[in-house]
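Notes for the structure review
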Amino acid sequence: VFCSQWLSDHQIVMGTRCNKLLVYDINNHNIDIIPSLLSSEPARNPDHQSGIHAVEINYSKTLLATGAQNSRDLAVYKLPTLDPVCVGEKAHSEWILDITWLDNEFLVSGSTDGKLALWRIEEKMEPDDVEKETIPNYSHIQPVKVKKCFGADKVRALIFNENLNEIVALSMNAYVHIWDSNRFWQKMSRKLPHAMDNACLTKREDCSLYAIGSKSHFTLLDPRTLHHVKKVNARVSGCSVRSISFHKDILTIGTGIGVIMVYDMRAGKYMESTMNSGRAVVLKSTKGWVNPDEAYHDLIRNIEHTPAIYSHCYDWSGTRLFTAGGPLDDQLKGNYAALWC
């Protein structure tokens, strides 16, 4: 599981490495598979997929944007029904890794081709063929603009700062890039203090702080200057921060070793147990499910695997945390998901 979001108080939507969009109902434990949306040209629907790396809901919670069957294309669904709206295509030559909404109508996608694409999703979009009787029927659109993110090899993560009207892009070569959202042009870039595995980016709810996860640290940045406010070592060296999020004064960090760490922003330190003073509070995952292929089986059968926490999200009340992921090793197939209350 690469990404997840709460749809309601009892439904969670997930995107997977095998290119499935799933909805899990925590009340009855049902999992529904949402059909992938096809591109307009059969040649753009390849057999090989990179997975769904992002699911993002707009501000009014009326639209969900994610990956299409072709990992280079965008898919948009209507909420709460998850009826298909459109496929956005012909913007990226490689996989879409993240998406961010600017408002209820415009969104931006970032790809491993190092480009950002601006899309407009109209409130009422007519299907390509209104006389077509097959269901589902949806439209195909092209981007408003596509631009290269200079200094970025691959765009890994995106967020939108509505206070500054800025799009923030994280690239895999350890740079953060600032774009003016009104004019859709790049303003500046800044090198990050840690060069390895800059994989995730988030913002505080009031847009007063950015947080970036890397190999053994997370870094807090001032949005106005992009200077680092604080660099914090992960409690386990080399654990690789794979997901990161703010909830009020709490920063939650999902790692590549199945451990979820909790950092108290007010105290300026990791949360400590009230039962055992000085001991940090961590959530430890179970091993999840791993299905090694036959060629790899002999090498790993005696190794105990812990899943990477590629995604986590709090429900709207902030009282439940969903965590998900799977094996960090690309040669392994498997998954993990858990709900913490």
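For clarity, every value in this text was computed on a predicted model and none was experimentally measured. (Residues numbered from 1 in each chain as written. Predicted model: local features only at pLDDT ≥ 70, side-chain atom pairs only at ≥ 80, totals over all residues. Heavy atoms only, no water.)

Re the UniProt feature "repeat: WD" (unreviewed entry) in the chain
The following threshold applies: UniProt positions are given in the numbering used here, feature names are shortened, and annotations may be inferred rather than shown by experiment. Here a strand is any run of E in DSSP of at least two residues, a helix any run of H or I of at least four, and the numbering for each starts at the N terminus.
As annotated in UniProt, the feature "repeat: WD" (unreviewed entry) corresponds to residues 89-122 in the numbering used here. Annotated as residues 89-122, this span is 0% helix and 53% strand, and its ends, taken at the C-alpha atoms, are 16 Å apart.

Some points on the environment of E166
Here is the rule: Two residues qualify as a contact provided that any one of their heavy atoms is within 4.5 Å of a heavy atom in the partner residue. For the purposes of these results, a polar contact is taken to be a pair of N or O atoms within 3.5 Å, where, inside protein, one atom must be able to donate a hydrogen and its partner to accept one; residues adjacent in sequence count only when each atom of the pair is a side-chain atom.
Assignment of secondary structure puts E166 in strand 15 (residues 166-171). E166 sits 11 residues away from V155 along the chain, and the two C-alpha atoms are 16 Å apart. Setting aside its immediate chain neighbours within four residues, E166 contacts I159, F160, N161, I178, W179, S181, K187, Y210 and P223. A polar contact of 2.7 Å, which involves the side chain of E166, links it to the side chain of K187.

Quick look at the pairing of strand 7 (residues 74-78)
Quick reminder of the rule: For the exposure calls, accessible area comes from a 1.4 Å probe over protein chains only, and a residue counts as buried if that area is under 20% of its type's maximum, exposed if over 50%, partly exposed in between. Paired strands, as defined in this entry, are two strands with at least two bridges between them according to DSSP.
Most of strand 7 sits inside the fold, with four of its five residues counted as buried. In this sheet, strand 7 lies alongside strand 6 (residues 63-67) in antiparallel orientation, the contact comprising five bridges. Of the residues in strand 7, the one forming a bridge with A65 is V76. Here strand 6 folds back onto strand 7, and the loop between the two strands holds six residues. Pairing between strand 7 and strand 8 (residues 83-88): five bridges, direction antiparallel. From the neighbouring strand, V76 faces strand 8, where its bridge partner is C86. Hairpin geometry of strand 7 and strand 8 is characterised by an intervening segment of four residues between the two adjacent antiparallel strands and by a positive phi of about 60° at L82.

Here we look at the packing of aromatic side chains
Quick reminder of the rule: In summary, the pairing rule links any two rings of Phe, Tyr or Trp, Trp by its six-membered ring, whose centres are within 6.5 Å, and it sorts them by plane angle into stacked for under 30 degrees, edge-to-face for over 60 and tilted for everything else.
The tally for this structure, following the rule as stated, stands at five aromatic pairs. Between W179 and F184 the ring centres are 5.2 Å apart and the planes differ by 45°, which places this aromatic pair in the tilted class. The pair W179 / F184 is uniform in exposure class, with both members buried. Here F218 and Y270 contribute two aromatic rings whose centre-to-centre distance is 6.4 Å and whose plane-to-plane angle is 90°, an arrangement assigned as edge-to-face. Here Y270 lies in strand 25 (residues 269-270) and F218 lies in strand 20 (residues 217-221), a separation of 52 residues in the sequence. Judged by relative accessible area, Y270 falls into the buried class, the value being 9%. Through a chain of ring-to-ring contacts, the aromatic side chains of F218, Y263 and Y270 assemble into a single cluster.

Focus on the side chain of S111
Tracing the chain through its elements places S111 in strand 10 (residues 106-111). Apart from residues lying up to four places away in sequence, S111 is in contact with H92, E94, W95, I96, L97, K154 and V155.

Quick notes on empty space enclosed by the protein
Formally: Here a cavity is any set of points on a 1 Å grid over the protein atoms alone where a 1.4 Å probe fits but cannot get out, and a pocket is any open set with protein on both sides within 12 Å along at least 5 of 7 lines; a residue lines the site when it has an atom within 4 Å of a point. Grid points are joined across faces, edges and corners, and a volume is the space filled by probe spheres set on the points. All residues other than Ala, Val, Leu, Ile, Met, Phe, Trp, Tyr, Cys, Pro, Asp, Glu, Lys and Arg, Gly among them, are scored as polar; the first ten of these are nonpolar and the last four charged.
In total, this model carries two cavities of 30 Å³ or more according to the counting rule given. There is about 50 Å³ of room inside the largest cavity. N19, G51, I52, H53, A54, T66, G67, A68, S71, I96 and I99 are the residues that line the largest cavity. For the lining of the largest cavity, the secondary-structure elements that each account for two or more residues are strand 6 and strand 9 (96-101). Looking at side-chain class alone, the lining of the largest cavity contains five nonpolar, six polar and no charged residues. As a volume, the second largest cavity reaches approximately 30 Å³.

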